[in-house]
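A look at the structure
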Amino acid sequence: MRIELKTEIPGPRSRALMEQRRAAVARGPFHGTPIFVAKAHGAVIEDVDGNRLLDFASGIAVTNLGHTPEDVVQAVQAQAERFLHTSFNVVPYEGYVTLCERLNRITPGSFAKKAFLANSGAEAVENAVKIARAHTKRQGVVVFDHAFHGRTYLAMSMTSKVGYRQGFAPFVPEVYRTPFPYAYRSPEPDASAWALREFRELVLHHVGANNVAAVVIELILGEGGFVDAPVPFVQELASFCKEHGIVLIVDEIQTGFGRTGALFACEHYGVEPDLVTLAKGLGSGLPISAVVGRAEIMDAPVEGAIGGTFGGNPVAIAAALAVLDRFEADGGALLKRIQAVGEQIGARLLAWKERFPIIGDVRGIGPMRAIELVRDPRTREPDKAAAQALAKYCYQHGVVVLGAGTYGNVIRLAPPLTLEDAELDEGLVILEAGLAELGRSA
């Protein structure tokens with residue numbers, strides 16, 4: 001057993017620290033789990049009260065290799081002893097070039113590629129749009145309902161959920177939104193056909209294809225609730241972009257580095273995006289992101305037009321190179337293990353859907369799975385309160401989970417991809433008990 005609870009959750013030291021946080025820290029940042037971490041390793045978080053919880057959130061799908069993986073920690077320590085920072089824009093260093101070479105090699109696409117490194121997912125998205133605009137000499141950016149692309153102004157303007165945008169208007173212009181093929185909530189039986197029709201109507205007749213620089217899509221919505229786009233939709237979208245000279249940007253910030261059972265979600269779809277944005281799992285907890293894509297597009301901005309003081313920090317690069325080493329070791333054995341984890345999670349969720357009427361939908365690819373909770377399976381009315389209650393039940397019983405969804409009614413599972421079978425089962429048992437408790441209280 002990994003879970004060990006010595007106090008109520010949150011415990012007294014966590015509660016005291018939360019009071020200090022309220023006095024010292026701005027109100028804006030939220031906390032899905034009201035505990036303060038003291039240390040973490042593998043799939044286990046230990047809080048300041050000595051409680052041990054299973055982490056099924058991975059810092060929002062970041063610690064894909066688990067907390068403090070030995071090889072990553074050693075790489076970080078070794079680099080920290082050499083140098084911490086020079087800024088690639090002032091004095092460059094070999095690690096930056098090496099990581100770009102490796103990302104060019106492993107990301108989808110059989111064409112010549114180049115890469116650019118930054119600090120965060122939002123920064124990667126913003127730079128990808130800048131690069132696409134420089135290449136096409138167009139301004140329009142098309143995004144999708146339920147999308148999340150970040151919190152900086154352009155990325156926030158591309159993000160759908162009102163809670164991330166409230167009070168921050170006006171937003172960046174020339175951003176256009178179109179429906180995502182959300183099968184469970186589609187107004188028509190064929191979600192792909194409906195969403196494609198709406199997309200074509202917007203681009204061809206309201207914006208003008210020759211005014212669109214880029215289409216940006218998450219193949220599997222992250223904050224939007226782990227909704228996976230149908231393969232036919234994505235392939236048609238890619239063909240449309242190619243036909244009209246529009247840069248297709250696939251946001252793999254949350255899906256990359258094994259989260260779906262493949263190194264990149266694109267591999268499930270058979271598409272080769274013009275540009276791909278990466279972050280989260282790339283650094284195993286250290287802040288690093290990347291834009292990777294067609295060399296001729298990546299070279300569109302003039303020298304000095306993209307960059308930043310901290311982008312591609314050498315310590316974060318060392319972590320990223322260790323992450324790539326792990327995925328390439330032993331003939332890709334890690335990905336085979338991750339696929340097995342995904343099969344186990346998927347089977348359990350499908351069984352729960354049959355058992356618990358409160359579950360309207362289960363979905364996802366590989367270990368990237370979610371359950372959507374509803375008040376009534378016939379009306380599909382979202383049940384945000386149930387999702388909040390389930391998340392609370394989980395952390396009070398020793399499992400950290402993530403809420404999600406435009407309507408706040410989704411629980412997404414994003415455990416470390418290296419967790420053991422016993423740890424996976426222990427966590428899922430708690431989640432199942434929480435669903436049973438919700439059923440009894442309904």
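The name recorded for the chain in an unreviewed UniProt entry is 4-aminobutyrate--2-oxoglutarate transaminase, from Polyangium sorediatum. According to its UniProt record, the chain has this under Cofactor (unreviewed entry): "pyridoxal 5'-phosphate". Quoted straight from UniProt, the Sequence similarities (unreviewed entry) entry for the chain says "Belongs to the class-III pyridoxal-phosphate-dependent aminotransferase family."

The terminal C-alpha atoms of helix α10 (residues 314–328) lie 21 Å apart, and with 15 residues this matches the ideal 21 Å at 1.5 Å per residue to within 8%. Burial analysis of α10 places 12 of its 15 residues in the buried class, the great majority of the element. Those residues of α10 lying buried are P314, V315, A316, I317, A318, A319, A320, L321, A322, V323, L324 and F327. Where the residues of α10 are buried, they touch α3 (70–82), α4 (94–106), β4 (113–118) and α11 (333–355). With a side-chain oxygen lying 2.8 Å from the backbone nitrogen of V315, the N-terminal cap of α10 falls on N313. Positioned one or two residues after α10, D330 has a phi angle of 55°, which is positive.

Inspection of the entire model under this criterion finds zero disulfides. The thiol sulfur of C241 is not disulfide-bonded, and the nearest other cysteine sulfur, from C266, lies at 13 Å. A relative accessible area of 1% places C241 in the buried class.

In this section: unusual backbone geometry. Going from I9 to P10, the amide bond is cis rather than trans, its omega being 0°. For P10, the position within the fold is in the segment before α1 (12–24). A cis amide bond, omega 5°, links A169 with the succeeding residue P170. Its identity is not glycine, yet E174 carries a phi of approximately 65°, on the positive side. Within the fold, E174 resides in the loop between α6 (153–158) and β6 (175–178). Although it is not a glycine, K280 adopts a positive phi angle of roughly 40°. Turning to its location among the elements, K280 is positioned in the loop between β9 (275–278) and β10 (289–294).

Residue position: N64 is located in the loop between α2 (58–61) and α3. Residues contacting N64, with those up to four places away along its chain left out, are G256, F257, R259, G281, P416, L417 and T418.

This paragraph deals with the pairing of strand β2 (residues 44–47). Where strand β1 (residues 37–41) meets β2, four bridges bridge the pair, whose relative direction is antiparallel. Counterpart to V37 in the pairing with β2 is D47. Hairpin remark: β1 followed by β2, antiparallel, with two residues in the connecting loop; positive phi at G42, about 60°. Bridging between β2 and strand β3 (residues 52–55) involves three bridges; their strand directions are antiparallel. Its bridge partner lying in β3, E46 is registered against R52. Between β2 and β3, which pair antiparallel one after the other, the connecting turn spans four residues, and G50 there sits at a positive phi close to 85°.

Rules behind the numbers
- Residues numbered from 1 in each chain as written.
- Predicted model: local features only at pLDDT ≥ 70, side-chain atom pairs only at ≥ 80, totals over all residues.
- Heavy atoms only, no water.
- UniProt positions renumbered as here; feature names shortened; annotations may be inferred.
- Helix = DSSP H or I, 4+ residues; strand = E, 2+ residues; numbered from the N terminus.
- Expected span 1.5 Å × (residues − 1).
- Buried < 20%, exposed > 50% of the residue type's maximum accessible area, 1.4 Å probe, protein only.
- Contact = heavy atoms within 4.5 Å.
- Polar contact = N/O pair within 3.5 Å; in protein donor to acceptor, adjacent residues only side chain to side chain.
- Disulfide = S-S within 2.5 Å.
- Pairing = 2+ DSSP bridges.

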